[in-house]
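# Examination of the molecular architecture
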Amino acid sequence: MRFWPGFELQVALRFLREGRMQTLLIIVGVAAGVAVVAYISALINGLQSNTLAKTLGAQAHITLRAPDDVVTPAALHAPGTTVATDTQPRAQRLRAVANWQALLPLLEALPGVAAVSPMVSGAGLALRGEATQSIVLMGVELDRYDHIVGLRSKVVAGTASLAPGEAIIGRELAADLGVRVGDRFTVRTGTVGEPLRVTALVDLGVKDLNRRTVIVPLRAGQSLLALPGGATHLELAVHDVWAAQALAAQLRQQYPARVESWQETNAQLVSALHAQSVSTTIIRAVVLVVVVLGIASVLVVSVVQKSREIGILRAMGATRGQVQRVFLLQGAVVGAVGSALGVALAVVLVWAFTTFVRGSDGQPLFFITLPPATGLRVALLATVCGVLAALAPARRAAAMDPAQAIRL
Amino acid sequence: MDTSGALIELQALRKSYNLGQPNEAEVLHGLDLRVRRGEFIALMGPSGSGKSTLLNILGLLERMTSGDYWLQGELVRGLSDADLTLLRRRALGFVFQFHHLLPAFTALENVTLPALMGEGRVSPVQREKARGLLAALGLAAAMDKRPSELSGGMQQRVAMARALVMDPPLVLADEPTGNLDTVSSAEVFALMRRIHAERGTAFVVVTHDPRLAARCDRLVELIDGRIARDEPIPASADFQ
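Anyway, here's the lowdown on the structure attached to this text.

So, about the overall build of chain B. The secondary structure content of chain B amounts to seven helices and ten strands. In terms of overall size, chain B behaves like a compact globule, its C-alpha atoms giving a radius of gyration of 18 Å where 240 residues would be expected to give roughly 18 Å. Dimensions of chain B along its principal axes, counting C-alpha atoms only, are 50 × 45 × 40 Å. Taken over 240 residues, chain B has a buried fraction of 46%. Considering only contacts in chain B between residues 6 or more positions apart, those separated by 24 or more positions represent 68%.

Residue and element names in this part refer to chain B. If you trace the four strands from one edge of the open sheet to the other, you get 2-1-4-5, paired in antiparallel fashion. On the outer flanks of this sheet lie strand 2 (25-36) and strand 5 (74-75), each paired with one strand and no other. Pairing of strand 1 (residues 6-17) with strand 4 (residues 66-71), which is carried by five bridges, proceeds in the antiparallel orientation. Each bridged residue has a counterpart across the sheet, and for Gln11 the counterpart in strand 4 is Asp68.

Another aspect to go through is unusual backbone geometry. Backbone phi values are negative for most residues with the exception of glycine, while trans is the configuration of most peptide bonds. The phi dihedral of Asn99 of chain A is positive, around 60°, even though this residue is not glycine. Among the secondary structure elements, Asn99 of chain A is positioned in the loop between strand 1 (62-65) and helix 3 (100-109). Classification of Asn99 of chain A as exposed rests on a count of 9 C-beta atoms within 10 Å. Here Ala12 of chain B, not a glycine, exhibits a phi torsion of approximately 50°, which is positive. Within the secondary structure layout, Ala12 of chain B lies in strand 1.

Residues and elements named next belong to chain A. Sheet analysis places strand 2 (residues 113-128) next to strand 3 (residues 131-140), joined by ten bridges and oriented antiparallel. When the bridges of strand 3 are listed, Leu127 appears paired with Thr132. The antiparallel pairing of strand 2 with strand 3 creates a hairpin that spans two residues between the two strands, and Gly129 there sits at a positive phi of about 55°.

The terminal C-alpha atoms of helix 13 (residues 372-399) of chain A lie 40 Å apart, and with 28 residues this matches the ideal 40 Å at 1.5 Å per residue to within 8%. Approximately 40° is the largest bend angle found in helix 13 of chain A, and it occurs at Leu391 of chain A, with the proline Pro393 of chain A only one to four residues beyond.

So, about the packing of helix 3 (residues 107-119) of chain B against helix 5 (residues 152-164) of chain B. All names here are of chain B. Remark: helix 3 packs on helix 5, axes separated minimally by 7 Å, with the N-to-C direction vectors making an angle of 25°. Classified by the angle between their axes, helix 3 and helix 5 sit roughly parallel to one another. Considering the relative orientation of helix 3 and helix 5, their crossing is right-handed. Contacts between helix 3 and helix 5 involve Ala107, Asn110, Val111, Leu113 and Pro114 from the former and Val158, Ala161 and Arg162 from the latter. Taken together, the residues of the contact of helix 3 with helix 5 sort by class into six nonpolar, one polar and one charged.

Contacts between chain A and chain B engage 23 residues on the former and 23 residues on the latter. Looking at the side of chain A that touches chain B, the elements that each hand over two or more residues are helix 1 (6-18), helix 11 (307-315), helix 12 (320-356) and helix 14 (402-407) of chain A. Along the lines of polarity and charge, the residues of the side of chain A that touches chain B split into eleven nonpolar, five polar and seven charged.

All names here are of chain B. Strands sit in the order 6-7-8-3-9-10 across an open sheet of six strands; the sheet is mixed. The sheet is open, and its two edges are formed by strand 6 (92-95) and strand 10 (226-232), each paired on a single side. On average, each strand axis in the sheet is inclined to that of its neighbour by 15°, with strand direction left out of account. Relative to strand 8 (residues 202-206), strand 3 (residues 40-44) runs parallel, the two being bridged by four bridges. Considered in strand 8, the bridge of Phe40 is made with Phe203.

Attention now moves to the nonpolar core. One finds Val34, Ala38 and Ile295 of chain A together with Ile41, Leu43 and Ala161 of chain B to be the most contacted residues of the largest nonpolar core, which totals 128 residues. In terms of residue count, the dominant contributor to this core is helix 2 (residues 20-56) of chain A (eleven residues). Those residues in contact with Ile41 of chain B, other than ones at most four positions away along the chain, are Val35, Phe203, Val204, Val205, Cys216, Arg218 and Val220 of chain B. In terms of nonpolar packing, the next biggest core, distinct from the first, is built from 53 residues, Ile62, Val216, Leu224 and Ala237 of chain A among them.

Criteria and cut-off values
Residues numbered from 1 in each chain as written. Chains lettered and ligands numbered in written order. Predicted model: local features only at pLDDT ≥ 70, side-chain atom pairs only at ≥ 80, totals over all residues. Helix = DSSP H or I, 4+ residues; strand = E, 2+ residues; numbered from the N terminus. Rg over C-alpha atoms; globule rule 2.2 N^0.38 Å. Buried ≥ 20, exposed ≤ 12 C-beta atoms within 10 Å, placed from the backbone. Contact = placed C-beta atoms within 7 Å. Pairing = 2+ DSSP bridges. Expected span 1.5 Å × (residues − 1). Bend = angle between axes of the 7 residues up to and from the residue. Axes fitted to C-alpha atoms, helices over the stretch in contact; angles between N-to-C directions. Parallel < 35°, antiparallel > 145°, perpendicular 65-115°, else oblique. Left-handed = near helix turned anticlockwise from the far one by under 90°. Nonpolar A, V, L, I, M, F, W, Y, C, P; charged D, E, K, R; others polar. Core = buried A, V, L, I, M, F, W, Y, C linked by C-beta atoms within 7 Å.

Here you go:
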């Protein structure tokens, strides 16, 4: 028994070499297909992770807040009576998450949770001189909050620091108020007002957020929003962003709180990403089918052209299995060589994209790479496709009647 | 049935095409034939007499419809396709009239193909043997040439070398000189006789040429699917 397919490989390679133009064309075809698949994979990966990074850069993966106030029915009504009620929904006030200090370590200990940050958040006004801007006031512990949104990395001026009496504000808000790092301004909520010193300006990636964000120490936030000791939100970051929804569902069952994952907050984005993924999968599948059909058609022709040779090989003692493997190997070789060229071409395309396609500001639109693993996977897939494409022609070649094949 | 000493033992061989269909046709009507080791047989007969069919059946390229066939003492009926292939590889060499060689391989590679087929690689010993065989057939200069660069006679000699390289006890040749001019034809035939004399390889040669047939040891003539004549050829007929 022998294991090395030296005979099959040699005959397969010679047959391919003999087919020159035919072989060249199909390899170029496979290369083009593989390049498209690999490039689209890289592009969509880059696009999606860029979009996700931008979206999740300024928000928590999971937010946990106190349940809404609801109106409890005035009275139980007696059985058999029908009561018409018209209940006006209650105006919602800021409420603290019940017992959040005890909840914090529990949430932190959950598997998959990377960080938890308490936050007190509400509306307010930022005042300086004649300027008045409505703002979203966020009281946080800087170190914890930094783990959620990477605040320190978003600082564009100054140094992030939240000692009592200090604040970090968005870049556009600073421009509106005319403050620079070190300047003071006043925050007012309801009737309370407090002067704050700006330690840093941040760019959260969205102008509207930059125009409204004022981040203060947790205690300052609590006193400004009249929730002493309270936290309106607990924000969670998780290791795997796509696991957020499942974790949120789990938390919803465990705690009497409103839990929202980023997927629910950004449902439209998620469905857009999903649609995109489905479309690219379809495109990739169609391209691969075309590749398979291309290889198959070339090999079918080759089997017919090589009938005589197949007959001679069979007469010389080649088994049906050997003949079949000769053609399977041709498919594999075409797939593998085409893949190698295709992946190389995709690398060039990716390079061209990152080099030449720029946004209006002259910066690359977003960064895309072709991870070696993706390249390898696509190449492997194309090679398997090559073998699959060769299946029918190979069977046909193996089934050929040698006596008839020689007579042709 | 004693089949010892016989390379081929054929009993009541029948072959029909399109079996069970309205156009069913029997082309071989019960042949008995015995080929002993080292025989040199000419198989003659008019076109359509069933020579090629008989040769294909002897070569295990086609199956018979009924009858019994022992090749090297092994009963062929009941063997699987894979077993037939292995038996063919072991016991038989083929030389065809046309399309003898694989055009993508050089002369030497064509001759080493049977070894490559069996082992997955060509050992130095086998390569040397193939070289020696080609040299003995006067092809020392043509080893690395493609078939398209060789004359018809040379191609046929390469095919001969390929048929012989695995030392089969029997070579089946289907009009091996039918496509050659008189000179090449005589050359190739002389070569077969030489191999026969040197190695004791048995030959069954299909031919239309009575002059070549006359130089064989035994003549089997097929007419209309029956053996019409089966007789030794006297040595005196062997003119040179």
